[in-house]
Amino acid sequence: MKQQYIDVYADNRDLIKANSAPCLNIIRDAAAEAFKITGFPTHKDEAYLYCPTLQYLATDYGLNLKQIEPKVSEKELFHCSVPGINSVVVAMVNDQMRAISETLPDGVVVCSLKDACERYPEEVENCFNSLASKHADAMTHFNNMLAQNGFFVYVKKNTQLEQPLQIVRMLDATIEMMTVAHNLVYVADNAQAKLLLCDHNRKGSKVFHDTLTEVVVAPHARLELYELESTSETTISHSQLFVTQAEGSEMLLNQLTLSNGITHRHTVVDLDGDHANLWLGGMVLNDRQQKTENYTEINHNASYCNCKELFKYILDEEAEGAFSGRIIVGDGTKQTEAYQTNRNLCLTNTAKMHAKPQLEIYADDVKCGHGATTGQLDETALFYMQARGIGKEEARMLLMLAFVADVIDKITVEPLRDRLRMMTEKRLRGEGVKCNNCSLC
Amino acid sequence: MAEDKINNTKSDDIIADVTSGDYKYGFTTDIETEVIPIGLNEEVVRLISAKKEEPEWLLEFRLKAFRHWQTLKMPKWAHLNIPEIDYQAISYYAAPRKNAPKSLDEVDPELLKTFDKLGIPLEEQKALSGMAVDAVMDSVSVKTTFRETLAEKGIIFCSISEAVKSYPDLVKQYLGSVVSYADNFFAALNCAVFSDGSFVYIPKGVRCPMELSTYFRINAGKTGQFERTLIVADDDSYVSYLEGCTAPQRDENQLHAAIVEIVVMNNAEVKYSTVQNWYPGDKEGKGGIYNFVTKRALCKGDNSKVSWTQVETGSAITWKYPSCVLKGDNSIGEFYSVAVTNNYQQADTGTKMIHIGKNTRSRIVSKGISAGKSENSYRGLVKVMPGAENARNFSQCDSLLLNDHCGAHTFPYMDIQNPTAVVEHEATTSKINEDQLFYCNQRGISTEDAVGLIVNGYAREVINKLPMEFAVEAQKLLSVSLEGSVG
Amino acid sequence: MLEIKDLHATVAGKEILKGLTLTVRPGEVHAIMGPNGAGKSTLSSVLTGHPAYTVTSGSINFYGQDLLAMPPEDRARAGVFMSFQYPVEIPGVSMVNFMRAAVNEHRKYRGEEPISASEFLKLMRAKKDLLQLDNKLANRSVNEGFSGGEKKRNEIFQMAMLEPKLSILDETDSGLDIDALRVVANGVNTLKSKDNASIVITHYQRLLDYIVPDFVHVLYNGRIVKTGPKELALELEEKGYDWIKQEFGE
């Protein structure tokens, strides 16, 4: 399986390099060498124990090595905005960024990684590959070997950005295709930003979507990052997200899977500075044969840090969910507080859930805990509602909405939160996720 | 009488008795031992089988396991740092030279002294302690007490080699039926070279009137111990079984790879308690036992129940997951564990609860205590198969840290494939509460004793599940193994 | 028996006691009153050696011994007892095991043999009645699931068991209803003798209706600013602490 990719690289090395962001080319050969040794991970690797995407790597995908721009009309791309959100919308098709027509707010840069290498070489140099190299595994090498471009978001020092930034990623292909992207987000000292990443798949293109994103949150900066997945059954999504948080920084990371095909998310957050705070959570609504795995790893490398983790899954029909969360408290850290919660609902006999919440503690000045439950809706609550005249189906709906409410409530962008509530309800009613007037998703 | 004894023991102040932090079971006994040359190959497997005058089917069983073992690699997934083990540098059979004694008079007096030192009530006059004992020294079962009393009720309690001769059908039917020779690396090794252990059969409708107990002791140097226990509880029966382990202090590490299999039929119940106190190595982490054990119970019948209770304070490295396969409808599995690690000890221990039958229930209570530079991990799997309607599991895994150089880890795995299942897991990790320490100090209790008290309190839920005799020993062990760990 | 001279102490880098001086003789009852934040609880913590508090200067002499040089457990064994304002819960540790460890440590310190199990149980039974604690106490975990009143009674019960020379009652009246207050006070009074002494730390006067002090000290801003007979307590009750603040405030 790995050989086909090694061959593609060997045969097209120059072509790939000619159409790539220069920073990616620097690490490419070393990554290819490393990948030759590791190959793809297997289910015997603890981090990939339940990983649902691995088997799909065997397909013979097309790669857009010449970086030809797919034809998608602007109208289609920008149709998907949330009413009232008033966000700055930037569109991408696969790993390529579209020209930005809007003026960006002061202190904010959004461009392709390739452009960033020219315009902001210093910032790119500072962030690029520092986290990925630290946490590199087989899939990181794979991405580094083939990635050609991605997005670059830079929020300058002291910028307080109220308006959310929204990156709409449209997956589009006419053949079975693999897209490989490497993205960078840098929120500089004392800056604040909200970033919304929406993934869509137009007309059910068959796509293997591989991304690697590095996020640097500088001292006393604050970042809210929402990853919203609303794709198609034909989408295979494999992503790695690496975050470092410096002293006094805050981050809210919310990973929402409304509809998808097969998803594996590998998220690593390093709390590298004292007094850093993290809320990491997510929600998965899966049915049919959808599969979603969230692997999360939070490394407490500094003192007085605090993290809360909350993941909720609702699995219907033949869906399969996996949650694998690690909280690691390093030696010598002080006054760590870390709590992890994973709650799951399996609605049918054929739905499956794998949960693996883990604590690894190498310090003693800690307050840590985790809880995980898998079960069904509370029968007494159901009965109580029925006794008040609410139909059973309606009562179930209300309870399921309540079940995921605490994840949705964490969204601070109000129009988005309302939209998510509505979409969740529609999703749970089996109506499919379609925003108003939307012909795309 | 028995009641009085219990009350006295209960109010006994355990902590104050403990004055020495040394491993008190670390003596060797000067007994003539027969040890076969080191190394492992088919010839050795044949030799062990021949020495034990085994039937052909058992030799075949061993050889099949040995051939499979050769294809396997040592598992690496545990949170353990296991030095390379040279399996060719170990002797796979060591036995006290004397043949099995018929009565206590025939038992080597040195051996009796050994068991005296261990506090094992081997002598008949200790009948009041209400325990029948099978003592396994190195690889051979040396003495089983109360055989006759038990026989009256049809209970079989003897060494497994004797069972192979006297009850071949029973052994053949159940040996390897819960833990297959292909189960894992250490299980395969054990199947190939196991030397002795205990066999228990409780017939239909019989409640075993006394606790059955096996004491395992490794004595000879450079030997591995590979014992094997098989317990079969037939319909409507009950038995409580205790296992104790000690080993002498030696500089080199010694390997212990046992298998325990339990089969529980309709409405039957088995309680299996372990106080594991193998030599943990010295303060610098030198020596100690590698304890790689496979324990599994099959709740085969409806309404059957099995309960594992373990207090683990010994061994340099522990790799152990007593498990329950809940096959019968309404069957119940329980796992109560206290694992203490100090100095350079490493433990990766927990359980597996496999829910197959309807209305099956399981409960896991695990209390880890880490001190020194040790690493202590809970690893547990709760699996609910599609047919396990209304399965219920509750797990509570707490870790207590006594200083900042040790590690405490929790690795629960939950695989749920039935919508009617309810599986709950809770875990906490915290350091020992300083307010509690100060409160004890203010009442004149030294910090070291306060730690002993608090740790025993923390572990009480598990210790209470042990039979009284064991509970007292376990409490002492907890305090002793943590001495010098705070400050 | 106790001589505190010019005591300065800090917690988390903040100076709380700023030159406190106090002498206690056998047979005396001293009440320490003062507004919130005056340093009342700091005094009891410093006397018993709580690790969070640092003494920056001054001395404490207890029967000729330098109390500050002793670890907390030796201070306790030497006869300093504190009834905690917030008694600590120790799950799983039964009162009987806890108390027996404490009693035997005290005996060992005095060079006595450990107490036998039956003697100990007899002793416990006798002392328990004094505080009207129920029989199940012995098997319950230390303070776990105790009501507020039970916790305080349990503190005085421990005091009765350990027979200290100096008892410090830190806000023992807080959270007690009038009946429990009477039981607690009765316990304290019964244990009083010419050889032992008490320091009663309280915010309100009402406890002093039951435990009558020989001296009342007003602690304010880390120092004893006023000392008087028991009537001073009544005056404080009537006038509040504001006049103290005005008189001695900075």
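These numbers were taken from a predicted model, which means no experiment stands behind them.

Would you take a moment to explain the overall build of chain C for this structure?
Within chain C one finds nine helices and 12 strands. Relative to the 2.2 N^0.38 estimate, which gives 18 Å for 250 residues, the radius of gyration of chain C is 18 Å and therefore close to what a compact globule would have. Once the C-alpha set of chain C is aligned to its principal axes, its extents read approximately 55 × 40 × 35 Å. Out of the 250 residues in chain C, the part that is buried amounts to 45%. Look at the contacts in chain C between residues 6 or more apart in sequence, and 73% of them connect residues 24 or more apart.

What is the right way to look at the overall build of chain A in this model?
What chain A contains, in helices and strands, is 10 helices and 20 strands. Radius of gyration (C-alpha) of chain A: 21 Å, near the 22 Å computed for a compact globule of 441 residues. By principal-axis analysis of the C-alpha atoms, chain A measures approximately 70 × 50 × 45 Å. Intrachain contacts of chain A at a sequence separation of at least 6 include 84% that bridge at least 24 residues.

Would you explain the interface of chain C and chain B in this entry?
By convention, interface size is frequently given as the accessible area that disappears when the constituent parts associate. Taken together, the contact pairs 29 residues of chain C with 23 residues of chain B. Contributing elements (two or more residues each) for the side of chain C that touches chain B: α2 (72–77), β7 (90–94), α3 (95–109), α4 (117–130) and α5 (148–162) of chain C. Per element, the largest residue contribution to the side of chain C that touches chain B is nine residues, and it comes from α3(C). The residue makeup of the side of chain C that touches chain B, split by class, is 17 nonpolar, eight polar and four charged.

In this structure, what is going on with the sheet that holds strand β2 (residues 14–24) of chain C? I would like to understand it.
One key point about sheets: their strands pair by backbone hydrogen bonds, in either a parallel or an antiparallel sense. Residue and element names in this part refer to chain C. Strand order in this open sheet of four strands is β2-β1-β4-β5, and the pairing throughout is antiparallel. Of all the strands in the sheet, just β2 and β5 (65–66) have a single pairing partner and so form its edges. In terms of strand pairing, strand β4 (residues 53–62) meets β5 through two bridges, oriented antiparallel. Bridging from a neighbouring strand, Phe 62 pairs with Gln 65 of β5.

Help me understand the interface of chain A and chain B in this model?
Tallying the contact residues gives 31 residues for chain A and 31 residues for chain B. Elements with a minimum of two residues in the side of chain A that touches chain B: β19 (352–361) and β20 (366–375) of chain A. A breakdown of the residues in the side of chain A that touches chain B according to their chemical character gives 13 nonpolar, 11 polar and seven charged. In this sheet, strand β23 (residues 407–416) of chain B lies alongside β19(A) in antiparallel orientation, the contact comprising six bridges.

It is not clear to me how the pairing of strand β18 (residues 336–346) of chain A should be interpreted in this structure. Could you clarify?
Every regular strand shows the same layout, with side chains that alternate between the two sheet faces. Residues and elements named next belong to chain A. Of all 11 residues in β18, eight are buried; the element is thus mostly enclosed. Inspection of the sheet shows strand β16 (residues 306–315) paired to β18 by 10 bridges, in the parallel sense. Each residue of the ladder has a partner; that of Tyr 313, found in β18, is Asn 344. Looking at chain direction, β18 and β20 are connected through 10 bridges and run parallel.

Mind showing me how you'd approach the nonpolar core here?
Note that soluble globular proteins tend to have their nonpolar side chains buried in a common cluster. In terms of nonpolar packing, the biggest core is built from 328 residues, with Val187(A), Val217(A), Val200(B), Ile262(B), Val264(B) and Val270(B) touching the most fellow members. It is strand β7 (residues 177–187) of chain A that contributes the most residues to this core, eight residues altogether.

What should I look at first to understand unusual backbone geometry in this one?
Excluding glycine, a negative phi dihedral is what most residues carry, and trans is how most peptide bonds are arranged. Residues and elements named next belong to chain A. Although it is not a glycine, Asn 158 sits at a positive phi angle of roughly 65 degrees. As for its position among the elements, Asn 158 is in the loop between β5 (151–155) and β6 (165–171). For Glu 317, which is not glycine, the phi torsion reads 50 degrees and is therefore positive. Mapping Glu 317 onto the fold places it in the loop between β16 and β17 (320–329).

When you look at the sheet that holds strand β3 (residues 29–33) of chain C in this model, what are you seeing that I'm missing?
Residues and elements named next belong to chain C. Across the sheet, six strands lie side by side as β6-β9-β10-β3-β11-β12; this open sheet has mixed pairing. With one partner strand each, in any of the chains shown, β6 (80–83) and β12 (223–228) form the two edges of the open sheet. Neighbouring strand axes in the sheet, compared pairwise and without regard to direction, differ in orientation by 20 degrees on average.

So what exactly am I meant to see when it comes to the packing of helix α2 (residues 22–38) of chain A against helix α7 (residues 138–146) of chain A here?
A packed helix pair is summarised by two numbers, namely the angle formed by the two axes and the spacing between the axes. Residues and elements named next belong to chain A. At a closest axis distance of 8 Å, the pairing of α2 and α7 adopts a crossing angle of 140 degrees. As far as their axial angle goes, α7 and α2 are oblique. Along this stretch, α2 crosses α7, giving a crossing that reads as left-handed. On α7, the residues touching Ile 27, Arg 28, Ala 31, Ala 32, Ala 34, Phe 35 and Thr 38 of α2 are Ala 138, His 141, Phe 142, Asn 144 and Met 145. Residue composition of the contact of α2 with α7, grouped by class: eight nonpolar, three polar and one charged.

I'm lost on the environment of Val82(A) in this one. Help?
Its place among the elements puts Val82(A) in the loop between α3 (74–77) and β2 (88–93). Distance in space between the C-alpha atoms of Val82(A) and Glu233(A) is 23 Å, their sequence separation being 151 residues.

What should I look at first to understand the packing of α4(C) against α5(C) in this one?
Residues and elements named next belong to chain C. For the pair α4 and α5, interaxial distance at closest approach is 9 Å and the crossing angle is 135 degrees. Judged by the inter-axis angle, α4 sits oblique to α5. Of the two elements, α4 crosses α5, and the hand of that crossing is right-handed. Counting all contacts with α4, which are made through Leu 123, Lys 127, Lys 128 and Leu 130, the residues of α5 involved are Phe 157, Ala 160 and Met 161.

Mind showing me how you'd approach the environment of Val8(A) here?
Its location among the elements puts Val8(A) in helix α1 (residues 2–18). Once the C-alpha coordinates of Val8(A) and Leu146(A) are considered, the two residues, 138 residues apart in sequence, prove to be 9.3 Å apart.

Please explain helix α9 (residues 185–193) of chain B as it appears in this structure.
Burial runs high along α9(B): eight of the nine residues are buried. Where α9(B) is buried, its residues contact α3 (42–51), α4 (56–70), β8 (228–233), β11 (259–264) and β13 (288–299) of chain B.

Help me understand helix α13 (residues 468–481) of chain B in this model?
An α-helical turn contains 3.6 residues, so any two residues separated by three or four positions project in the same direction. Residue and element names in this part refer to chain B. For α13, which comprises 14 residues, the first-to-last C-alpha distance of 20 Å matches the rise-based estimate of 20 Å (1.5 Å per residue) to within 8%. Among the 14 residues in α13, 11 count as buried, and that is most of the element. Of the residues making up α13, those classed as buried are Glu 469, Phe 470, Ala 471, Ala 474, Gln 475, Lys 476, Leu 477, Leu 478, Ser 479, Val 480 and Ser 481.

I keep staring at the confidence of the model for chain C and nothing clicks. Help me out?
Caution applies to low-pLDDT parts of the model: their predicted coordinates are not meant to be read in detail. Across chain C, the average pLDDT comes to 89, with 99% of residues at or above 70. Our summary of model confidence lists the complex with pTM equal to 0.79 and ipTM equal to 0.84.

Is there a simple way to explain the environment of Gly79(C) in this structure?
Residues and elements named next belong to chain C. Considering the arrangement of structural elements, one finds Gly 79 in the loop between α2 and β6. Here Gly 79 falls in the buried class, since 22 other C-beta atoms lie within 10 Å of it. Taking C-alpha positions, Gly 79 is 19 Å from Met 124, a pair spaced 45 residues apart along the chain. Aside from chain neighbours lying at most four places away, what touches Gly 79 is Pro 164, Lys 165 and Leu 166.

Reading the values: rules and limits
Residues numbered from 1 in each chain as written. Chains lettered and ligands numbered in written order. Predicted model: local features only at pLDDT ≥ 70, side-chain atom pairs only at ≥ 80, totals over all residues. Helix = DSSP H or I, 4+ residues; strand = E, 2+ residues; numbered from the N terminus. Rg over C-alpha atoms; globule rule 2.2 N^0.38 Å. Buried ≥ 20, exposed ≤ 12 C-beta atoms within 10 Å, placed from the backbone. Contact = placed C-beta atoms within 7 Å. Nonpolar A, V, L, I, M, F, W, Y, C, P; charged D, E, K, R; others polar. Pairing = 2+ DSSP bridges. Core = buried A, V, L, I, M, F, W, Y, C linked by C-beta atoms within 7 Å. Axes fitted to C-alpha atoms, helices over the stretch in contact; angles between N-to-C directions. Parallel < 35°, antiparallel > 145°, perpendicular 65-115°, else oblique. Left-handed = near helix turned anticlockwise from the far one by under 90°. Expected span 1.5 Å × (residues − 1). pLDDT = per-residue confidence, 0-100.

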